[in-house]
Amino acid sequence: MSDICDFEWSNNRFRHNLTISDLQKGYNKNEPTDRSRALIALKELIGASMDYALKDKSCFQDDEFLFRFLYARKFNVNDAFQLVINYHAYRQRNGSLLQRLSVLDENIQLALRDGFPGVLPNRDRRGRKVLIFLAANWDYSSYSLVTVYRAMLLSIEKLLEDKQNQANGFIAIVDWTNFTFRQSSNLNPKVLKLMIEGLQDCFPVRFKAIHFIGQPWYVEAALAVIRPFLKEKTRERIKLHGGNLSTLHDCVARDILPTELGGEGPTFNPLNWYHELLESSQISTKPAPSYILSQPQFYTKSPAPLATATITTTTTATAHNGGGGDFLKSTKAAVVKIGVLTTKANDPAANMLLGVGSDT
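Here the structure is a predicted model, which is why all the values come from computation and not from measurement.

**A closer look at unusual backbone geometry**
A cis amide bond, omega -5°, links phenylalanine 116 with the succeeding residue proline 117. With phi around 50°, lysine 74 is a residue other than glycine that occupies positive phi space. Among the structural elements, lysine 74 can be located in the loop between helix H3 (63-72) and helix H4 (77-93). Notably, arginine 100 is not glycine yet its phi reads approximately 50°, a positive angle. By the secondary structure assignment, arginine 100 is in the loop between H4 and helix H5 (106-113).

Right under this line is the structure:
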């Protein structure tokens, strides 16, 4: 059998011969010519694929989107192609999880405000973006582990718009200090497995290192449970530092770390990343393509005039009838209160309809 594989794009505009070695080798990401050749090869595989996960080939023409998968697999075309399939298949299997993934989702906002995740402003010495998780901040009574995962995916989607993040990858630092046993009991094993599957095998993201500090015994027990689902390379990248911050500082320079992690930087403020996401969500002027995880939703305020008008009429009538200054003040306060409630009812950031059903 020939080692030459012919693939034709469905629109028959191009034809390109790819050798088996072309598909298996890793192109040089630093060479523009190699990057272009790898992109062409990946497009041909997608165009010729009969896999059900790729029944929608709309990503076919989006070069920037496809480059994410090439960078995630070091420009190995075969591996990048398999990652594209995994990505679309995962989305099809978990439609409710990824539905209406937006920073204006009320529950996602709660997670982001608590720092799930937080993003440090400076990169490490290897140019990698640093994600921070202060596990003790998790209010499991207000939002679930699923919401934490959704907030992570939303953040990663935004960060992957930067080519440098695609090329250099990420590191994560999870501080388990003061994380209680009761909180750990809400680490749903099924959700953890879903997170591992997505982040490890389906999304175009590379975590080059995952650092655990201050982890109690029950966190290590949970890690032992999920360890069989981790690839060997992933297991090797998880570093357990316990209470020894000096070993963390050997891996991540202190000058980029916040004071909470023994660093020389300013105190960690999770609201910085939350506000950045909010602002960027209002810049887009058109809907995102269907294959993109996050879908922009715009913040609007439209108070209902009927409720306010009714109270205003009552206020006027009462004033003419000599109802007294105290009653007038209380009625005006009611107008303000109803105006606020009406605004919240029309505010997508405070509307549960934007969530994925109940947050359980």
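**Thoughts on the nonpolar core**
Grouped together as the largest cluster of nonpolar side chains are 84 residues, with contacts concentrated most on Tyr149 and Phe207. Each of domain 1 (20-96) and domain 2 (106-283) accounts for three or more of the residues forming this core. The contact partners of phenylalanine 207, leaving out residues within four places of it in the chain, are Leu131, Ile156, Phe170, Ala172, Leu199 and Arg237. Leu134, Ile171, Leu248 and Ile256 belong to the second-largest nonpolar core, a separate cluster that totals 14 residues.

**Concerning the pairing of strand S4 (residues 129-134)**
Most of S4 is tucked away: six of the six residues are buried. Side chains Lys129, Leu131 and Phe133 of S4 all project onto a buried face; the interleaved residues Val130, Ile132 and Leu134 project onto the opposite face, where all are buried too. Sheet analysis places strand S3 (residues 118-119) next to S4, joined by two bridges and oriented antiparallel. Bridge pairing links valine 119 to leucine 131 in S4.

**Observations concerning the pattern of salt bridges**
Counted under the stated rule, the structure contains eleven salt bridges. The residue glutamate 64 makes a salt bridge to lysine 163 at a minimum N-O spacing of 3.2 Å. Taken together, the positions of glutamate 64 in helix H3 and lysine 163 in helix H7 (residues 163-168) put the pair 99 residues apart, joining distant regions of the chain. Since its relative accessible area comes to 31%, lysine 163 is described here as partly exposed. For arginine 150, the salt bridge identified is with aspartate 105, shortest N-O distance 3.6 Å.

**Remarks on H5**
When we look at burial in H5, the residues that qualify are Asn107, Ile108, Gln109, Ala111 and Leu112. Where H5 is buried, its residues touch helix H6 (145-159) and helix H13 (271-281). Sitting at the amino-terminal end of H5 is aspartate 105, which places a side-chain oxygen 2.9 Å from the backbone nitrogen of asparagine 107. Glycine 115 sits one or two residues past H5 and shows a positive phi near 90°.

**Here we look at the packing of aromatic side chains**
All chains considered together, the criterion is met by 15 aromatic pairs. Relative to phenylalanine 75, the ring of phenylalanine 67 lies with its centre 6.3 Å away and its plane at 45°, an arrangement referred to as tilted. For the pair phenylalanine 67 and phenylalanine 75, one class covers both residues: buried. On the basis of an interplanar angle of 75° and a centroid distance of 4.9 Å, the ring pair of tryptophan 176 and phenylalanine 179 is categorised as edge-to-face. Three or more aromatic residues joined by ring pairs make a cluster, and in this case those are Phe65, Phe69, Tyr87, Tyr90 and Phe203. Lying over the aromatic face of phenylalanine 67, lysine 163 brings its terminal NZ or CZ to 4.8 Å of the ring centre.

**Section: the environment of phenylalanine 212**
Considering the arrangement of structural elements, one finds phenylalanine 212 in strand S6 (residues 207-213). On the basis of relative accessible area, phenylalanine 212 is assigned to the buried category, the value being 10%.

**Let's talk about H3**
Counted residue by residue, H3 has eight buried out of ten residues, so it is predominantly covered. Here the buried face of H3 lies against helix H2 (32-48), H4, H6 and H7. Two to three positions downstream of the cap, the backbone nitrogen of glutamate 64 sits 3.3 Å from a side-chain oxygen, assigning the N-cap of H3 to aspartate 62.

What counts as what
- Residues numbered from 1 in each chain as written.
- Predicted model: local features only at pLDDT ≥ 70, side-chain atom pairs only at ≥ 80, totals over all residues.
- Heavy atoms only, no water.
- Helix = DSSP H or I, 4+ residues; strand = E, 2+ residues; numbered from the N terminus.
- Core = buried A, V, L, I, M, F, W, Y, C linked by side-chain atoms within 4.5 Å.
- Buried < 20%, exposed > 50% of the residue type's maximum accessible area, 1.4 Å probe, protein only.
- Domains from an automatic or database assignment.
- Contact = heavy atoms within 4.5 Å.
- Pairing = 2+ DSSP bridges.
- Salt bridge = Lys/Arg side-chain N within 4 Å of Asp/Glu carboxyl O.
- Polar contact = N/O pair within 3.5 Å; in protein donor to acceptor, adjacent residues only side chain to side chain.
- Phe/Tyr/Trp six-rings, centres within 6.5 Å; stacked < 30°, edge-to-face > 60°.
- Lys NZ or Arg CZ within 6 Å of the ring centre and 35° of its normal.

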